Amino acid sequence: NAGVMQNPRHLVRRRGQEARLRCSPMKGHSHVYWYRQLPEEGLKFMVYLQKENIIDESGMPKERFSAEFPKEGPSILRIQQVVRGDSAAYFCASSPRVRGANTEAFFGQGTRLTVV
Amino acid sequence: GENVGLHLPTLSVQEGDNSIINCAYSNSASDYFIWYKQESGKGPQFIIDIRSNMDKRQGQRVTVLLNKTVKHLSLQIAATQPGDSAVYFCAEILAGNQFYFGTGTSLTVIP
């Protein structure tokens, strides 16, 4: 059972371009979370999705950022017209559909976005 | 549950000493808590968890304590080793499977 897969691991974009970050959850997991982490800082919640639904996007900037988790395929975090301040590590985590006694979230290795 | 733009607190301990990392959580409705370890350049990894109906849980060299009265969680690492150097995050989980992380603490083990 492969873990949470994020790609690319590193992404360089020029200001104004679009960044697309992909996250394939663990097999059997239908809950996906996206977090952003700046150097020397903690994890900042962005969005929580289930298949085809956005459950909580309270941490997402109102403009330029969007996320989806389609019925088939990976979850995508999309950043339009990137700016230097978007440079960060973006982590995805997944957890199982059924909330059991010990439902932990498993993290991917992250995508490090650098805007030049 | 979120901390925006806060720099990580740091903790330095001598190899072999015990480490105590603290975390305050925000939502009294949280019923499940997890400690994660994040090594440099990697994603967070599960260390230990505890449910709200418990006040203590032990693992291998690690113990988590939960004080619901003051909404406080701690992670104790016995006989700290250089490989324990990392950033440690606590997460509180609400009934809807929503995870919220604390700021994190950067642990440095001095050989």
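To be clear, the structure that these remarks concern was listed above.
Read on for an overview of the structure. (Residues numbered from 1 in each chain as written. Chains lettered and ligands numbered in written order. Predicted model: local features only at pLDDT ≥ 70, side-chain atom pairs only at ≥ 80, totals over all residues. Heavy atoms only, no water.)

## Thoughts on the state of the cysteines
Cut-off, in case you're wondering: Cysteine sulfur atoms that pair up within 2.5 Å are treated as a disulfide. Strands are runs of DSSP state E lasting at least two residues, helices are runs of H or I lasting at least four, and both sets are numbered from the N terminus onward. Throughout, exposure labels follow a simple rule: accessible area from a 1.4 Å probe, protein chains only, divided by the maximum for the residue type, with under 20% read as buried, over 50% as exposed, and the rest as partly exposed.
Counted by the stated rule, this structure contains two disulfides over all chains. Two residues share a disulfide in this structure: Cys23(A) and Cys92(A), whose sulfurs sit 1.7 Å from each other. Between Cys23(A) and Cys92(A), the S-S torsion sits near -50 degrees, and that sign places the bridge as left-handed. Taken together, the residues Cys23(A) in strand β3 (residues 19-24) and Cys92(A) in strand β9 (residues 88-96) connect sequence positions 69 residues apart. Take Cys92(A): its relative accessible area is 0%, and that puts it in the buried class. The partner cysteine of Cys23(B) in its disulfide is Cys90(B), sulfur to sulfur 1.5 Å.

## A few points about the sheet that holds strand β2 (residues 19-24) of chain B
Residue and element names in this part refer to chain B. Keep this limit in mind: Any two strands with at least two DSSP-identified bridges between them are counted as paired. Under this scheme, a helix contributes an axis fitted over its contacting stretch, all axes are lines through C-alpha atoms, and angles between N-to-C directions fall in the 0 to 180 degree range.
Read from one edge of the open sheet, four strands run β2-β7-β6-β5, paired in antiparallel fashion. Lying at the two open borders of the sheet, with one neighbouring strand each, are β2 and β5 (56-58). Strand-to-strand twist of the sheet, defined as the mean angle between neighbouring strand axes without regard to direction, takes the value 15 degrees.

## Some thoughts on the pattern of salt bridges
What counts, and what does not: Here, a salt bridge means any side-chain nitrogen of Lys or Arg that lies within 4 Å of a carboxyl oxygen of Asp or Glu.
Counting across every chain of the model gives six salt bridges over all chains. Two residues, Asp86(A) and Arg64(A), come together in a salt bridge whose shortest N-O distance is 2.7 Å. With Asp86(A) in the loop between β8 (75-79) and β9 and Arg64(A) in the loop between β6 (53-56) and β7 (65-68), this residue pair connects regions lying 22 residues apart in the sequence. A residue is classified by how much of its surface remains accessible, and Asp86(A), at 3% relative accessible area, is buried. Two residues, Arg51(B) and Asp31(B), come together in a salt bridge whose shortest N-O distance is 3.8 Å. Separated by 20 residues along the polypeptide, Arg51(B) in strand β4 (residues 45-51) and Asp31(B) in the loop between β2 and β3 (32-38) bring together distant segments of the chain. Relative accessible area serves as the criterion here: at 21%, Arg51(B) is assigned to the partly exposed category. We classify Asp31(B) as partly exposed; its relative accessible area is 21%.

## Comments concerning the environment of Val82(A)
Residue and element names in this part refer to chain A. Inclusion rule: Whether two residues are in contact is decided by their heavy atoms, any of which lying within 4.5 Å being enough.
Secondary-structure assignment places Val82 in the loop between β8 and β9. Under the relative-accessibility criterion, Val82 is labelled buried at 1%. A C-alpha to C-alpha distance of 14 Å links Val82 and Lys62, two positions 20 residues apart in sequence. Non-local contacts of Val82, meaning those with residues more than four positions away in its chain, are made with Arg13, Arg14, Arg15, Gly16, Gln17, Ala19, Arg64 and Val115.

## Here we look at the layout of surface pockets
This is how the line gets drawn: Grid spacing is 1 Å over the protein atoms alone, the probe is 1.4 Å, and a cavity is where that probe fits but cannot get out, while a pocket is an open set with protein on both sides within 12 Å along at least five of seven lines and lining residues have an atom within 4 Å of a point. Grid points are joined across faces, edges and corners, and a volume is the space filled by probe spheres set on the points. Gly is put with the polar residues, along with every residue not named as nonpolar or charged; the nonpolar set is Ala, Val, Leu, Ile, Met, Phe, Trp, Tyr, Cys and Pro, and the charged set is Asp, Glu, Lys and Arg.
Put simply, the largest pocket is a space of about 400 Å³. In terms of lining residues, the largest pocket is bounded by 19 residues, among which Gln37(A), Glu40(A), Gln38(B), Ser40(B) and Gly41(B) are the most central. Listing elements by their share of the lining of the largest pocket, those giving two or more residues are β9 of chain A together with β8 (86-93) of chain B. Tallying contributions element by element places β9(A) first for the lining of the largest pocket, with three residues. The residue inventory of the lining of the largest pocket, partitioned by class, reads eight nonpolar, six polar and five charged. In this structure, the second largest pocket occupies an estimated 200 Å³ of space. Considering the residues around the second largest pocket, the lining is formed by Lys37(B), Phe46(B), Ile47(B), Gln60(B), Arg61(B), Val62(B), Ile77(B), Asp84(B) and Tyr88(B).

## Side note on the side chain of Ser106(B)
Note that Ser106(B) resides in strand β10 (residues 105-110). In contact with Ser106(B), not counting residues within four places along its chain, are Pro9(B), Thr10(B), Leu11(B), Ala86(B) and Val87(B).

## Looking at the nonpolar core
Convention followed: The nonpolar core is taken to be a set of buried Ala, Val, Leu, Ile, Met, Phe, Trp, Tyr and Cys residues, with the residues joined through side-chain atoms within 4.5 Å.
Ranked by size, the top nonpolar core spans 23 residues in total, and within it Trp34(A), Met46(A), Leu77(A) and Tyr90(A) carry the most contacts. Elements with a contribution of two residues or more to this core: β3, β4 (29-37), β5 (43-50), β7, β8, β9 and β11 (111-115) of chain A. Listed in part, the 22 residues of the second largest apolar core include Leu8(B), Tyr32(B), Val87(B) and Leu94(B).

## What about the pairing of strand β7 (residues 72-77) of chain B?
All names here are of chain B. As paired elements, β2 and β7 share six bridges and run antiparallel to each other. Looking at β7, one finds that Ile21 is bridged to Leu75. The loop that links strand β6 (residues 62-67) with its antiparallel partner β7 comprises four residues; one of these, Lys71, has a positive phi angle of about 55 degrees.

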